[in-house]
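What the coordinates show
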Number of protein chains: 2
Amino acid sequence: MSGEVRWLTEAEQETWRAYMTANVEFSAYIDRQMRRDSGMPMAYYEILVRLSEADGRCLRMSELARASLSSRSRLSHAVSALEKTGWVTRRPADGDRRGWVCELTDAGYAALAAAAPGHVTAVREKLFDVLTPEQLDALRDIGRAISAGLRQECDAAAAEGCEEEPC
Amino acid sequence: MSGEVRWLTEAEQETWRAYMTANVEFSAYIDRQMRRDSGMPMAYYEILVRLSEADGRCLRMSELARASLSSRSRLSHAVSALEKTGWVTRRPADGDRRGWVCELTDAGYAALAAAAPGHVTAVREKLFDVLTPEQLDALRDIGRAISAGLRQECDAAAAEGCEEEPC
DNA sequence: CCACATAGCTTGAGAGTTCAACCACCCCTA
DNA sequence: TAGGGGTGGTTGAACTCTCAAGCTATGTGG
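One structure accompanies this document, and this report is about it. Throughout, residues of each chain are indexed from 1 in the direction in which the sequence is written. Throughout, the order in which chains and ligands are written sets their labels, letters from A for the former and numbers from 1 for the latter. Local features in this predicted model are restricted to residues whose pLDDT is 70 or higher, and side-chain atom pairs enter the listing and the counts only when it is 80 or higher, whereas totals over whole chains, interfaces and linings include all residues. Computation of side-chain values covers all heavy atoms of the structure but excludes hydrogens and water.

Here we look at the protein's contact with DNA strand C
Residues are counted as near a molecule or strand when any one of their heavy atoms sits within 4 Å of it. Ser62, Ser76, His77 and Arg90 of chain A together with Ser73 of chain B are the nearest of the 22 residues found near DNA strand C. For DNA strand C, the backbone makes up 67% of the atoms found within 4 Å of the protein, where backbone means sugar plus phosphate. Here a base oxygen of DNA strand C and a side-chain polar atom of His77 of chain A are 2.7 Å apart. Identification of polar contacts relies on pairs of N or O atoms within 3.5 Å, with a donor-acceptor requirement for protein atoms, meaning one able to donate a hydrogen and the other able to accept it, and with residues adjacent in sequence counted only if both atoms are side-chain atoms. Within the side chain of Arg98 of chain A, a nitrogen or oxygen atom sits 3.2 Å from a base nitrogen of DNA strand C. Breaking the surface near DNA strand C down by element, the ones donating at least two residues are helix 1 (10–38), helix 3 (61–67) and helix 4 (72–84) of chain A together with helix 2 (42–53) and helix 4 (72–84) of chain B. Numbering goes from the N terminus for both helices and strands, where a helix is a DSSP run of H or I of at least four residues and a strand is a run of E of at least two. Considering each element in turn, the surface near DNA strand C owes the most residues, 4 residues, to helix 4 of chain A. Within the surface near DNA strand C, the residues separate by chemical class into 5 nonpolar, 7 polar and 10 charged. All amino acids are sorted into three groups, where Ala, Val, Leu, Ile, Met, Phe, Trp, Tyr, Cys and Pro are nonpolar, Asp, Glu, Lys and Arg are charged, and the leftover types, Gly among them, are polar.

Pasting the structure below:
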């Protein structure tokens with residue numbers, strides 16, 4: 001590949017380890033709380049939230065996938081499951097006969113409303129209550145920077161004409 | 001429950017969303033890189049790393065579970081899989097006849113050595129290269145604070161005699 | 001207007017995770 | 001020393017996720 005590997009220094013390893021450990025533990029905690037108290041994984045809750053925020057409480061599958069940070073495949077399986085519990089419905093999109101629209105049902109909204117308090121409380125206690133305002137500001141900027149760095153993948157290559165592998 | 005829910009403000013929602021999005025996207029990217037280039041999920045890589053750092057390249061199952069941020073059950077399944085590929089072996093622990101010791105094999109060490117460069121490169125490019133030194137320092141402290149907050153769960157209750165639910 | 005590439009979404013199979021038992025053993029106490 | 005609770009670890013089933021097709025519909029160059 002492209003030259004030598006830039007290994008992590010001791011200090012960098014500590015940072016990396018602290019970040020990664022917190023990530024794993026925190027998301028495990030949040031996901032566990034959601035499963036235990038509301039019987040659904042966080043990924044499903046995320047889908048319901050995105051739908052509830054959308055106009056008419058419905059979204060095209062592809063948009064819902066992007067909004068809920070999910071792959072098309074994953075979303076498809078998840079929506080099938082949510083359909084079985086009666087929390088969403090699926091209908092053909094008008095205009096493009098390939099597309100489908102997913103809509104949050106009243107039962108789905110009720111489930112979301114029931115799950116929200118416990119979830120928000122967990123997030124507040126385990127994130128906002130343990131960090132200073134300065135740390136929270138920093139965390140927001142850090143999060144944005146990381147996301148931006150990940151997105152710029154093919155963007156950069158595409159902008160330059162994609163000399164390397166096609167994206 | 002204990003009073004009203006402390007909902008998130010607009011600003012807090014932005015912070016939460018930025019943090020959570022970065023987490024999901026980043027860990028998905030790292031895990032995907034590992035699966036694609038080395039044929040194992042990050043959780044397995046983590047197990048191999050912890051073993052490689054241990055004395056004699058072996059650890060008790062319970063210690064390995066803690067070190068690799070994994071539940072007992074998950075580790076048990078994972079080690080079964082890693083045993084099949086020949087990357088680790090399991091043998092009874094001496095002293096405690098309930099216990100088992102997991103040991104990294106030479107093949108396992110080779111697999112780890114092969115996987116490390118790609119992994120470290122991904123982490124450097126997508127984390128260390130996109131953040132400033134100040135942000136990295138902040139991230140380390142933030143990570144520690146979050147982990148500490150999660151750990152203090154039953155600790156506090158236990159210290160006070162656990163008046164509420166038994167842990 | 002006909003290929004042919006691409007977009008939108010689904011499906012099936014295999015892999016990994018979670019949860020709730022479960023077994024075997026250790027340790028403490030009566 | 002027998003009972004009983006706690007620890008170490010495994011197992012199976014249900015569930016979720018990933019990957020690689022696959023299928024239908026759109027759009028585009030000839």
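Still more to cover.
A look at the interface of chain B and chain A
In this assembly, 54 residues from chain B lie in contact with 54 residues from chain A. Buried area counts how much accessible surface, traced with a 1.4 Å probe, disappears from two parts once they are put together, with both parts' losses summed. Taken over both partners, the interface formed by chain B and chain A buries close to 5400 Å², and the fraction arising from carbon and sulfur atoms is 67%. On inspection of chain B and its partner chain A, the count reaches 21 residue pairs in polar contact (both at pLDDT 80 or more). The element that contributes the greatest number of residues to the side of chain B that touches chain A is helix 6 (residues 133–159) of chain B, accounting for 16 residues. For the side of chain B that touches chain A, a count of residues per class yields 29 nonpolar, 9 polar and 16 charged. We call two residues in contact whenever any of their non-hydrogen atoms come within 4.5 Å of each other.

So, the sheet that holds strand 3 (residues 100–104) of chain A
Residues and elements named next belong to chain A. The strand order across the open sheet built from 3 strands is 1-3-2, with neighbouring strands paired in antiparallel fashion. Bordering the open sheet on either side are strand 1 (58–60) and strand 2 (88–92), each of which pairs with just one other strand. Going across the sheet, the axis of each strand differs from the next one's by a mean of 25°, ignoring polarity. Relative to strand 3, strand 2 runs antiparallel, the two sharing 5 bridges. Within the sheet, the bridge partner assigned to Pro92 lies in strand 3 and is Trp100. Sitting on the sheet, helix 2 (residues 42–53) is in contact with strand 1, strand 2 and strand 3, with an inclination near 95° to strand 3. Strands were regarded as paired on the criterion that DSSP finds at least two bridges between them. An axis is simply a line fitted to the C-alpha atoms; with a helix, the fit covers only the stretch in contact. Between two such axes, the angle follows the N-to-C directions and lies from 0 to 180 degrees.

Considering the environment of Arg57 of chain B
Residues and elements named next belong to chain B. You can see Arg57 is positioned in the loop between helix 2 and strand 1 (58–60). With 45 residues separating them along the chain, Arg57 and Cys102 place their C-alpha atoms 8.5 Å apart. Dropping the residues within four chain positions of it, Arg57 is found in contact with Leu51, Ser52, Cys102, Glu103, Leu104, Asp106 and Tyr109.

Looking at helix 5 (residues 106–128) of chain B
The terminal C-alpha atoms of helix 5 of chain B, which comprises 23 residues, lie 31 Å apart, in line with the 33 Å expected from a rise of 1.5 Å per residue. Note that bend, as reported per residue, equals the angle between axes fitted to the 7 residues terminating at that residue and the 7 residues originating from it. Ala116 of chain B marks where helix 5 of chain B bends most, by close to 35°; the proline Pro117 of chain B follows one to four residues later. Under the convention used throughout, the expected extent of a helix is 1.5 Å for every residue step, that is, one less than its residue count.

Thoughts on the protein's contact with DNA strand D
Taken together, 22 residues lie near DNA strand D, and Ser73 of chain A together with Ser62, His77, Arg90 and Arg98 of chain B sit nearest. Taken together, the sugar and phosphate atoms account for 70% of what DNA strand D places within 4 Å of the protein. Within the contact set of DNA strand D, a base oxygen lies 3.1 Å away from a side-chain nitrogen or oxygen of His77 of chain A. In terms of residues, the surface near DNA strand D owes the most to one element, helix 4 of chain B, which gives 4 residues. Residues that form the surface near DNA strand D fall into these classes: 5 nonpolar, 7 polar and 10 charged.

As for the sheet that holds strand 1 of chain B
All names here are of chain B. Ordered by their spatial adjacency, 3 strands build an open sheet running 1-3-2, and the pairing between neighbours is antiparallel. Taken across any chain shown, the strands that pair with only one partner, and hence form the sheet edges, are strand 1 and strand 2 (88–92). Averaged over all pairs of adjacent strands, the angle between strand axes in this sheet comes to 25°, irrespective of strand direction. Running over the sheet, helix 2 touches strand 1, strand 2 and strand 3 (100–104) and is turned about 95° from strand 3.

Describing the pairing of strand 3 of chain A
Note: strand 1 of chain A against strand 3 of chain A, 3 bridges, orientation antiparallel. Within the sheet, the bridge partner assigned to Cys58 of chain A lies in strand 3 of chain A and is Glu103 of chain A.

A few points about the pattern of salt bridges
Salt bridges are counted wherever a side-chain nitrogen of Lys or Arg sits within 4 Å of a carboxyl oxygen of Asp or Glu. This structure, assessed with the given rule, holds 31 salt bridges over all chains. Across the pair Arg35 of chain A and Asp31 of chain A runs a salt bridge whose closest N-O atoms are separated by 2.7 Å. Linking Arg35 of chain A with Asp31 of chain A, this pair stays in helix 1, spanning 4 residues, or about one helical turn. Linking Arg124 of chain A and Glu12 of chain B is a salt bridge whose minimum nitrogen-to-oxygen distance equals 2.7 Å. Placement of Arg124 of chain A in helix 5 (residues 106–128) and of Glu12 of chain B in helix 1 (residues 10–38) is noted, with the two residues assigned to different chains.

None of this, on its own, says anything about what the molecule does.
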